[in-house]
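Listed below are the residues making up each chain.
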Amino acid sequence: MKFLPWVSLFFSILWASAVAAIPSRTTVKRASSSFVSTSGPGFVVNGSSLKYIGTNAYWLPTLNTNEDIWNTLANISALGLKVVRLWAFNDVDTIPVNGTWFQLIKDGTVTVNNGPNGLQKLDTVIQMAEQQGLYVILSLTNNWFPFVNTTDNVAPPGTNSTRNYLSNNYGGMDLYVQQFGLQTHDQFYTDSSILTSFLNYTTQVVSRYVNSPAVFSYELANDPRCNSSLPTSPTCTTETITTWHATVAAHIRSIDPNHLISSGVGGYLCTDCPKLYPLTPVPAPPATSPAPGRKKRSQAKPITKEQILRERSERQRRNREAAKRAGTLVEDGVRIRGRWVSTATKRQQSSTAGSLYDGSYGVDSQDISNIPDIGFSSFQLFPDQQSYGPDDPNVAPWQSVEQNGVQWITSQAQSASAVGKPSVLTGFGLVTQDNAPYFVPFNSTVAPFANATVEKQSMRARQSADISYGVTNTEQTDTYSTWLNTGIAAGVNGLVQYQWGQSEPDDTTGETTTPSSPGETPTPQQTTGQSPNDGYSSSGSTGVQSTLGSASQSIASD
């Protein structure tokens, strides 16, 4: 496995400040259990350790036929992937004539659909996943539901605007808030009536799968935070989100003693926030000699703002030195007495690590991970929707994205090690030029580049000419490969690509279909042979699937 010099830099810093084996205070190893559990910073199942590459397919329960579900899972399994993450919720405020729905939320009342177009569809997915040797992460609600406050719904070209096509069109937190007559997004976390209703739905889902070994974990929510489509109140803090996690996790644990519980947060940290679940010093394990070829690691330490700034500065210095040697150095600072000083990038980052680390989103991932009932640390990586660090003028824009992603992954691995639990990257993705017309941000109903002209040019040239959006397919696969290799080397236990896609209209094997919408009856004419695409689908990208397959082999042998 080969890495670029700047990747090696991150590893040397990580090894110096973090490590790996602090026993978890919350779970114990079941030597021969068929349920996935944890042992210190790792996953175990059937007496063996488990590391994996996975994929997201939020839309699986909404496919028209069982054959579509089976073939999709079969293709995922054939690639060597082990875990599928999907939506275990599908909320509506009006019962649709056709199509899948799990829960009706209307005027402060909630009705769960246990019928064949309801939770029985989820049952089918779980059963088939088990038969295919796959584990499933069940996400119980979503932070994002922009349809709650807008009538805009611009369909990506070549698709339709059916419900359940986009990942943010399954209901979620803001639908609860709206239908319970409330105003702010964070009331989902604090209002007692909403909490009671959500816990009831959670009970309905969790109690179905207590004895299913196919469930990897119950994920409390996708990307929970203070802000969303609805406004937030000034009283929402990291403690608000952490308290909600502890309450729901304890409820699930009271029902199901067998399965892991996870958060689903984006991984945002707050280095200076007060902690509800502070780290307590754990005695260092007995010193042992490292395996041949591996470095001995020191005790894990939490991430600090100073560390983040130091790593960024060192990476920028190395990039500048490389640019000088190549004769491509970009000087964007102020020239004083013949010397360039204080570049814009350096000034921008001189005193702050940014919103990822200051609690701006109301999330303290470390504190959430340290909740006793939370089994592992979660984080996500979506540079098209979130900045993970400053741009560096001395590398191509896509390389800045790649490098910032590397730092984010290694930081998350270090944070999880400090807690003493495994870590999982539950979703990562980059929008390509080919997918740009289909891209709909998570907090939007509009495809902003639906009419963009996609041209095969370098990202820097496209940006300067304002021609089109997205990385090339090669840049995407190179970045995915780097991120996956980084995560494996840093000790991340699971890496889950977002999202799975396939298009085989001429071959019934592996063919998937788009979900049916209210008022439409599924017919063969509505079968498109292409899975939903919100801008991240791997459909038609042999490079992405090949990269995932290679990473699956690599992490299995790690």
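Higher on the page you've got the structure.
About the cut-offs
All chains use their own residue numbering, which begins from 1 and follows the written sequence. The predicted origin of the model limits local features to residues at a pLDDT of at least 70 and limits the giving and counting of side-chain atom pairs to 80 or more, whereas totals for whole chains, interfaces and linings rest on all residues. The basis for the side-chain values is all heavy atoms of the structure; hydrogens and waters are excluded. A run of H or I in DSSP counts as a helix once it spans at least four residues, and a run of E counts as a strand once it spans at least two, with each numbered from the N terminus. Whether a residue is buried, partly exposed or exposed follows from its accessible area with a 1.4 Å probe, protein chains only, as a fraction of its type maximum: under 20%, in between, or over 50%, in that order. Only heavy atoms matter for contacts: two residues are in contact if any of them lie within 4.5 Å across the pair. What sets the accessible areas is the Shrake-Rupley method with a 1.4 Å probe; for residues, cover comes only from the shown protein chains. In this scheme, a helix's expected span is set at 1.5 Å multiplied by one less than its residue total. Aromatic contacts are taken between Phe, Tyr and Trp rings whose centres are within 6.5 Å, Trp giving its six-membered ring; a plane angle under 30 degrees counts as stacked, one over 60 as edge-to-face, and the others as tilted. Lysine and arginine charges are scored as sitting over a ring when NZ or CZ, respectively, is within 6 Å of the ring centre and within 35 degrees of the ring normal. The disulfide criterion is simple: two cysteine sulfur atoms within 2.5 Å. One requirement defines pairing of two strands: DSSP has to find at least two bridges between them. Inter-axis angles, ranging from 0 to 180 degrees, are taken between N-to-C directions of lines fitted to C-alpha atoms, where helices are fitted over the stretch in contact.

A. How the structure looks around the overall build of the chain. Looking only at helices and strands, one finds 14 helices and 16 strands in the chain. Looking at the 558 residues of the chain, the share that counts as buried comes to 58%. Taking contacts inside the chain between residues at least 6 apart in sequence as the whole, the part at least 24 apart equals 79%. Per element, the accessible surface of the chain, about 21,400 Å² overall, is 50% carbon and sulfur.

B. Representation of helix α13 (residues 473-490) within the structure. Helix length check: α13 (18 residues) gives 26 Å between terminal C-alpha atoms against 26 Å at 1.5 Å per residue, within 8%. For α13, the tally of buried residues reaches 13 of 18 residues, placing the bulk of the element in the interior. Note on α13: the residue one or two positions beyond its end, Gly-491, has a positive phi of about 95°.

C. Representation of the packing of aromatic side chains. Scanning all chains against the criterion turns up 35 aromatic pairs. Taking 6.4 Å as the distance between ring centres and 20° as the angle between the ring planes, the aromatic pair formed by Tyr-58 and Tyr-498 counts as stacked. Taken as a pair, Tyr-58 in the loop between β4 (52-56) and α2 (66-78) and Tyr-498 in the loop between β16 (494-497) and α14 (542-556) lie far apart in primary sequence, 440 residues in all. Judged by relative accessible area, which is 1%, Tyr-58 ranks as buried. We classify Tyr-498 as buried; its relative accessible area is 3%. Among the aromatic side chains, those forming a connected cluster through ring pairs are Tyr-58, Trp-87, Phe-89, Tyr-170, Phe-382, Phe-439, Phe-442, Phe-449, Tyr-469, Tyr-498 and Tyr-536. The side chain of Arg-225 reaches across the aromatic face of Tyr-361, ending 4.8 Å from its centre.

D. Spotlight on the state of the cysteines. Within the structure shown, the criterion is met by 2 disulfides. Residue pairing for Cys-226: its cysteine sulfur links by disulfide to Cys-236, the two sulfurs lying 2.0 Å apart. One disulfide, between Cys-226 and Cys-236, carries an S-S torsion of -85° and so falls in the left-handed class. Within this pair, whereas Cys-226 is found in the loop between β10 (215-219) and α7 (238-255), its partner Cys-236 is found in the loop between β10 and α7, the two being separated by 10 residues in sequence. Bridging Cys-270 to Cys-273, the disulfide has an S-S length of 1.8 Å. Linking Cys-270 and Cys-273, the disulfide has an S-S dihedral of approximately 65° and is accordingly described as right-handed. The buried category is assigned to Cys-270, whose relative accessible area is 4%. The exposure class assigned to Cys-273 is buried, which follows from its relative accessible area of 17%. Along the chain, the cysteines engaged in disulfide bonds are linked according to the scheme 1-2, 3-4 when indexed in sequence order.

E. Up close: the sheet that holds strand β3 (residues 48-50). Spatial ordering of the open sheet is given by β1-β2-β3, a layout of 3 strands whose pairing is antiparallel. Every other strand in the sheet has two partners, leaving β1 (37-39) and β3 as the edge strands with one partner each. Going from strand to strand, the sheet's axes swing by 55° on average, the running direction of each strand aside. Taken together, the 3 bridges between β1 and strand β2 (residues 42-45) define a ladder with antiparallel strand orientation. Looking across to β2, one finds that Thr-38 is bridged to Phe-43.

F. Region of the structure containing the pairing of strand β7 (residues 103-106). Note that strand β6 (residues 91-92) and β7 share 2 bridges and pair parallel. Its bridge partner being in β7, Asp-91 is matched across the sheet by Gln-103. The antiparallel hairpin formed by β7 and strand β8 (residues 109-112) contains 2 residues in its connecting segment, where Asp-107 sits at a positive phi of about 50°.

G. Structural context of the environment of Val-44. Topologically, Val-44 is positioned in strand β2. A relative accessible area of 6% places Val-44 in the buried class. Between the C-alpha atoms of Val-44 and Ser-34, which are 10 residues apart in sequence, the distance is 9.2 Å.

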